Amino acid sequence: MLKSITDLKGYTLGASDGDIGEVTECYFDDDKWTVRYLIVDTGGWLTGRKVLISPIALREVDWNAKRIHAELTKKEVEDSPDIVTDKPVSRQHETSYYDYYNYPYYWGGPYLWGATAYPMIPSPRARARNPTEPEILAAREAQASGDDSHLRSTKEVTGYYIEASDGDIGHVEDFLIEDESWTIRYIVVDTRNWWPGKKVLVSPQWIEQVSWTDSRVRVDVSRNTIKNCPEYDPSAPLSRDYENRLYRHYGRSKYWND
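(A) Spotlight on the environment of Y100. Relative to the helices and strands, Y100 is located in helix α3 (residues 91-101). On the basis of relative accessibility, which here comes to 31%, the residue Y100 falls in the partly exposed class. Along the chain, Y100 and E76 lie 24 residues apart, while their C-alpha atoms are 9.1 Å from each other. If sequence neighbours within four positions are ignored, Y100 has contacts with K75, E76, D79, S80 and P81. There is a polar contact of 2.6 Å between the side chain of Y100 and the backbone oxygen of E76.

(B) Structural detail: helix α8 (residues 240-250). All of the buried residues in α8 are Y242, E243, N244, L246, Y247 and Y250. Residues of α8 that are buried sit in contact with β1 (2-4), β11 (184-190), β12 (199-202) and α7 (223-227). Positive phi shows up at G251, right after α8, with a value of about 65 degrees.

(C) Broad picture of the pattern of salt bridges. Per the counting criterion, the structure on display carries 15 salt bridges. One salt bridge connects R59 with E71, and the closest N-O pair in it is separated by 3.3 Å. Taken together, the positions of R59 in strand β6 (residues 58-62) and E71 in the loop between β7 (67-70) and α2 (74-78) put the pair 12 residues apart, joining distant regions of the chain. Under the relative-accessibility criterion, E71 is labelled partly exposed at 36%. One salt bridge in this structure joins R245 and D241, with 3.7 Å as the shortest N-O distance. Here the residue R245 and the residue D241 both occupy positions in helix α8, the gap between them amounting to four residues, near one helical turn. In this structure, a network of salt bridges that share partners links the residues E163, D168, R216 and R218.

About the cut-offs
Residues numbered from 1 in each chain as written. Predicted model: local features only at pLDDT ≥ 70, side-chain atom pairs only at ≥ 80, totals over all residues. Heavy atoms only, no water. Helix = DSSP H or I, 4+ residues; strand = E, 2+ residues; numbered from the N terminus. Buried < 20%, exposed > 50% of the residue type's maximum accessible area, 1.4 Å probe, protein only. Contact = heavy atoms within 4.5 Å. Polar contact = N/O pair within 3.5 Å; in protein donor to acceptor, adjacent residues only side chain to side chain. Salt bridge = Lys/Arg side-chain N within 4 Å of Asp/Glu carboxyl O.

By themselves, these are just geometric observations and shouldn't be taken as functional.
The structure is reproduced here in structure tokens:
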């Protein structure tokens, strides 16, 4: 099922022994275009401190009640590594975070989430283990080579200009994520600065280049192709039938066949 990241803002995140706070934004990596952390404002509980919560910790998302249940205690969150969320999060910080929770590194394996295709809470026995030698080596090699994490804030990237192969088409308004893998499947583009009122979807797989300094995203699709694509209605559920029509229009391979 695909869900809007904008809709996640304000969701209450609860631990096993009480509420932690509210989701304010997400961090995604700009390589796999997958959400790696929710940023949660703890409010008065931890004096306004913001904490990172990995999708690995999430047990259930109640989209109707706007609540997210995490397999954590408030004490675990309180004692978690202090990370300043208004500054870039380094791989070293991520390593400390993952070591603290005894999670397998998502960058230390062949799949989207390291050893698995989905964010999964390890068994109690697995959580008690130390990181494996390959995981430790992968983390050290990444730090030594300067291969730092490439985390981007959804809040920051919202508003970026979207540029087709032959000119501008609009700006980033939202992101649609797959609620099992937390992969960003679509960027929602507001085209009102080009033609009034229409919203369209483009896949991160079609991105040709991103200029993070200029706040611009270039996609390998023409303006005319985007102009004539099926219009996206955020008030209606995104069906597989709509996705099939979208991919047929763009002439691209479907992500669910990969």
